[in-house]
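# Observations on the three-dimensional arrangement
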Amino acid sequence: MIDIKGNKLKISVRRLVEFLCRGGDIDNRFGGVTDKNAMEAGARIHKKIQKSMGSDYRAEVPLCNIKKTDNYEIIVEGRADGIFEKNGTVIIDEIKGTYRDIKYLTGPADVHRAQAMCYAYFYAVEEGLESIGIRLTYANLDDESVKYFEEYFTFTQIEKWYFALIEELCKWGDYVFFHKEERNKSIGNLDFPFEYRPGQRNLAVSVYKAIRDSQNLFIQAPTGVGKTISTVFPAVKAMGDCEGDKIFYLTAKTITRTVAEETFDILRQNGLVFNSITITAKDKICCMQFDEGPQCNPVMCPYAQGHFDRVNEAVFDIITHEKVITRQVIEEYANKHTVCPFEFSLDISYWMDGIICDYNYAFDPHVHLKRFFADAVGGDYIFLVDEAHNLVDRARNMYSAGIVKEDILAIKRLVGLLDKRLTGALESCNRELLAMKRVCEDSYAIKEDVDSFALKMMRLGELLIRFMENNRGYEHMTELSEFYFAVAHFNMMYEMAVDNYVIYTEHTDRGFMLRLFCVNPSASLKNMLERGRAAVFFSATLLPVNYYKEMLSGDSEERAIYAHSPFDTSKRLLVVGRDVTSRYTRRNEDEYRKIVSYIRTLYEAKRGNYLIFFPSYRYMEDVYACCEEGLRGHINMQKKEMTEESKEEFLSAFEDGDRAVIGFCVMGGIFSEGIDLKEDSLIGAVIVGPGLPMINTEGQILRRFYDELNGMGYEYAYVYPGMNKVLQAAGRVIRTDKDRGVIALLDDRFLNRQYQSLFPLEWEDYRIVDIKGIEQEVLDFWGD
C-alpha cells in the first residue's frame, strides 16, 4: 500500500482511497463476492459506456499528481474512466459495474466518490480550472441499466479536500520513512547472536546469496543445525542491504510459529529494530464465539459494526507503540478500539517487517493476503518456508477443487422459485453431473473433457452473485455463500487445470463428486512465488530433494544444501528389525505380538519414556490389545479427536517424571512432528512400518499419473510421503546435544534399497536386529 523507495512514495489513486476513505461494517452475509466472469463483465460494460458517449468523451485518461515533503516525494497516479464537458464544465466520469438493482442506489459509495475527486483535482491542476464536476456512473452488469450521480466543486473546495487526504497519507508515510531508516541502521550493526556451529555459517551465507541473487533455495537441515536462526538472520541482513523489503515466515504448525517469534526476539535483544506480527486464524482469534463459527456482520457482532470507521486509528495506535505483535497484543488493541481482531491483524501486517503465518496466507488463491498478492502484484518479499515437506499436500489441497451433486440439489431447494434463472442454472449443472454419474460404474472414473459442465458452472457463478447482490436479507445467505465460494473455487481452479491436473468423478460419502485434482502443485506455487524475491524451503526431512523441487517449484536445477547433523551419533542407537513387518497381507496377531515383544524389550532394558508410532489407529489398537496388563499400565494412547487441552495433557505426562510413559501414536499425526521432548522426557521411539499412505482414490491416481510420466508412481504416491513420516517421527528422539536415545525401525522393508536410499547420511550406522538380539544391543548402548 505505502512504500518509499529512492525517496519516492508511489501509490495508485485506487489504493489511496481504499485505504484512507473506507468506512462502514464488516458483513459476511454478503462479502462483495466477485469472480473472473464478473470482472470481465465489468470491463465490457466500461468499454460499452465509454464508446456510447461520443467523440468528445475521452476514455482511460492517465493522470498524476506530485507533492514534495521534507523527506520524500509523493506520487499519486491512475486513470480516469472518462473526461467530458457538460454545459461548459469539465466532468470526471468514474464507471462502476454491479449486479445490484441500481434503482435502489441512493448515492455513490464514499470510496468511489473519493476516487473521482482525486482525478478531478489532478485534472483541475493540470488545466488550471476554477471549477470541475464528477459523475459516478453505476451500470447493472445484468440488464445494462445505468444510474448517474453528479457533483460539482470549486477548485478551492477540491484542493482543500485533497490536501487533507495527503496530510493523512503523510502521517503514514512518515512512519514508514523513519522506521525503515532506523531498522536498516540497526541491521547494519547486527551480528550473528551465537557462536557458529559446524556448517552453520555456510548455511547462513548460502541463504543470503540466494536472496541477493533472487533465487530459490532448498535446505535439508536435521534437528540441531539451528535452521531457524540460520535462515532468519541472513534474511534480515539482506533487508538491511536493500535486498528485500519484507520477510514472510511461513509454516504449517503453531509450534514452529512460536520458534520464529523467539528467533526474532533474540535478534531484537542484540539490537535489531524490527516489527513483526503473528497472524492467528479467524476461528481462533474471533472475539465473539458462536456455535456455528464467526458471525462477521453488524447485527451479530459489535466488533464488525463500524469496523472500517475505526480500524485505521487502531492500526496506527498499535504500530507506533508495539514492535512484537502477537495474538495477545492484537486482542488487547482490538478490544480497546472495538475492531475485528482478525481483519485488524491483516491490516497491521502491511506495516510489519516480518509476518509469521500459515502457508495459506501466501499461497492459497482465496485466503492469501490480498494486500500483498492481489491482481498478480508482488513485491520485494522473502519467503522462508519452514517444515516445507508439509507444503506438498497442503498445496495439492489448495489448488484442487470439487463440486458435489447433492450440494447443488440442496441449494436448488433453498432458492426454489425466488429466482427462476438461478434455479435453472442449478438444474442444468445437476443434469450434467447426473449424466456423469450414470457412466461412473466403478468407485471413480477419469474424465478427459468437462468443458460443457465448466461453462455451466461459470454461468452459475454469475447468477449466484446476482442473486446475492439483490437479496442481501436472504435467510439462507450463510449456506448460499458457502456454496458460492465452492463454485468460485471450482471455476478458478478449472482455469488452471492443465497438465498438472487429473479430473475425475467419484461416489463419496457426501454424494457424487466431480473433482479437479492437482497432482503437481508446482506451477501454481511458482505463480505465487514469483510475486516475491526469493524463497527458502527448509525442513529436517526434505528427502529426496529433487522430488520436493519438482513439487514445490518445478525446477530441479534450483540450489540445494544438505546440512549435516551436529549431534554425536554415538549418543543415538538406530536399529532395524528384520523379523517383523506391517504389510497388509501380514497383519495378524503373531505380527502384533512381535511388535509388543520389541516394545517390552526396549522398555525393560532401559526404563523411561518412549513414543511408538503406528501406521494407523486400527493397527495401534490391535497391538494394544496384545499387550499384557503390566505394559498397558504405562501406555497413553493418542485419540482420533483431541482438544488442545488433551494434547497438552498427553505431552505433559512425559515431562512430569512421576512414572515412565509409553505413548502410542499414529505416524504423520499431531505427535510425530513439531514437539520437543528433551533429555529424559523421551529416550526412544519405535516406528512400525514405512508409513505408506492408505490406498485411496487420489493415491491410485497419483501412482498412475507418475507411472506414465516418469515410471516413479509408487515412489511419488506412497514411498516418499511414507518415509517422510518415518523421518519426522524418528526426529523426536534427539533434540539437543544432551539427549541420548534409541530409534527402532520395525519392518523388514527398511532393509530394501528403495527405502534405504531415503535414509539421511547420519543413519549409515544402523544395526540389523531381530527379537532375540535387540536386548543386547540396547543394553550395550545404555551401558547397563
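Heads up: the structure comes first, above all this text.
Notes on the structure in this doc start here. (Residues numbered from 1 in each chain as written. Predicted model: local features only at pLDDT ≥ 70, side-chain atom pairs only at ≥ 80, totals over all residues. Heavy atoms only, no water.)

### A short note on the packing of aromatic side chains
This is how the line gets drawn: In this analysis, rings of Phe, Tyr and Trp, with Trp reduced to its six-membered ring, are considered paired at centre separations within 6.5 Å, and the interplanar angle assigns stacked below 30 degrees, edge-to-face beyond 60, and tilted for intermediate values. Burial classes: relative accessible area under 20% of the type maximum marks a residue as buried, over 50% as exposed, and values in between as partly exposed (1.4 Å probe, protein chains only). Cation placement over rings: the criterion is NZ of Lys or CZ of Arg within 6 Å of the ring centroid and within 35° of the ring normal.
Counted under the stated rule, the structure contains 46 aromatic pairs. Centre to centre, the rings of Phe192 and Phe194 are 6.3 Å apart; their planes meet at 75°, and the pair counts as edge-to-face. A residue is classified by how much of its surface remains accessible, and Phe192, at 12% relative accessible area, is buried. Accessibility expressed as a relative area gives 44% for Phe194, which makes it partly exposed. When the ring of Tyr484 is compared with that of Phe485, the centres are 5.4 Å apart and the planes differ by 65°; the resulting orientation is edge-to-face. The exposure class assigned to Phe485 is partly exposed, which follows from its relative accessible area of 46%. Aromatic rings pair up to connect Phe19, Trp172, Phe248, Phe316, Tyr350, Trp351, Phe363, Phe372, Tyr381 and Phe383 into one cluster. A cation over a ring is seen here: Lys246 above Tyr350, with NZ or CZ 5.7 Å from the ring centre.

### Considerations on unusual backbone geometry
For the record, the criterion: Secondary structure is summarised from DSSP: a helix means a run of H or I of at least four residues, a strand means a run of E of at least two, and numbering begins at the N terminus for each.
Omega for the peptide link from Leu543 to Pro544 comes to -10°, which places this bond in the cis form. Here Pro544 shows up in the loop between strand E18 (534–539) and helix H20 (545–552).

### Section: the sheet that holds strand E14 (residues 401–404)
Counted only if it meets this: Strand pairing is defined by DSSP finding a minimum of two bridges between the two strands. Where helices are involved, their axes are fitted lines through C-alpha atoms of the stretch in contact, as for all axes, and angles between N-to-C directions lie from 0 to 180°. Whether two residues are in contact is decided by their heavy atoms: any pair within 4.5 Å suffices.
Spatial strand order, E14-E17-E16-E15: 4 strands in an open sheet with antiparallel pairing. Strands with a single pairing partner mark the edges of an open sheet, and in this sheet they are E14 and strand E15 (444–447). Averaged over neighbouring strand pairs, the angle between their axes works out to 20° when direction is ignored. The pairing of strand E16 (residues 501–507) with strand E17 (residues 512–518) spans 7 bridges and is classified as antiparallel. Across the sheet, the residue bridging to Tyr504 is Arg515, located in E17. Of the strands in this sheet, E14 and E17 are in contact with helix H15 (residues 405–415), which crosses E14 at around 55°. Across the face of the sheet, helix H25 (residues 697–710) comes into contact with E15, E16 and E17 while running at roughly 145° to E16.

### Considerations on the sheet that holds E18
Taken in spatial order, the 8 strands make up an open sheet running E11-E10-E12-E9-E13-E18-E8-E19, and their pairing is parallel. Edge strands, defined here as strands with exactly one partner in the open sheet, are strand E11 (324–325) and strand E19 (559–562).

### Describing the state of the cysteines
Here is the rule we go by: Criterion for a disulfide: a pair of cysteine sulfur atoms within 2.5 Å.
Following the criterion strictly, the structure yields 0 disulfides and no others. Considering cysteine sulfurs only, Cys118 is the nearest to Cys64, which forms no disulfide, with 12 Å between them. You can see Cys665 has no disulfide; the closest cysteine sulfur is in Cys627, sitting 14 Å from it.

### Observations concerning the nonpolar core
Applied cut-off: Side-chain atoms within 4.5 Å are what join buried Ala, Val, Leu, Ile, Met, Phe, Trp, Tyr and Cys residues into a set we call a nonpolar core.
Membership of the largest hydrophobic core comes to 204 residues, with the highest contact counts inside it found for Phe344, Trp351 and Phe363. The residues touching Phe363, leaving out its near neighbours within four places in the chain, are Leu250, His368, Val385, Leu391, Met398, Tyr399, Leu525, Met528 and Leu529. Among the nonpolar cores identified, the runner-up in size contains 37 residues, and Val575, Ala605, Tyr610 and Val769 belong to it.

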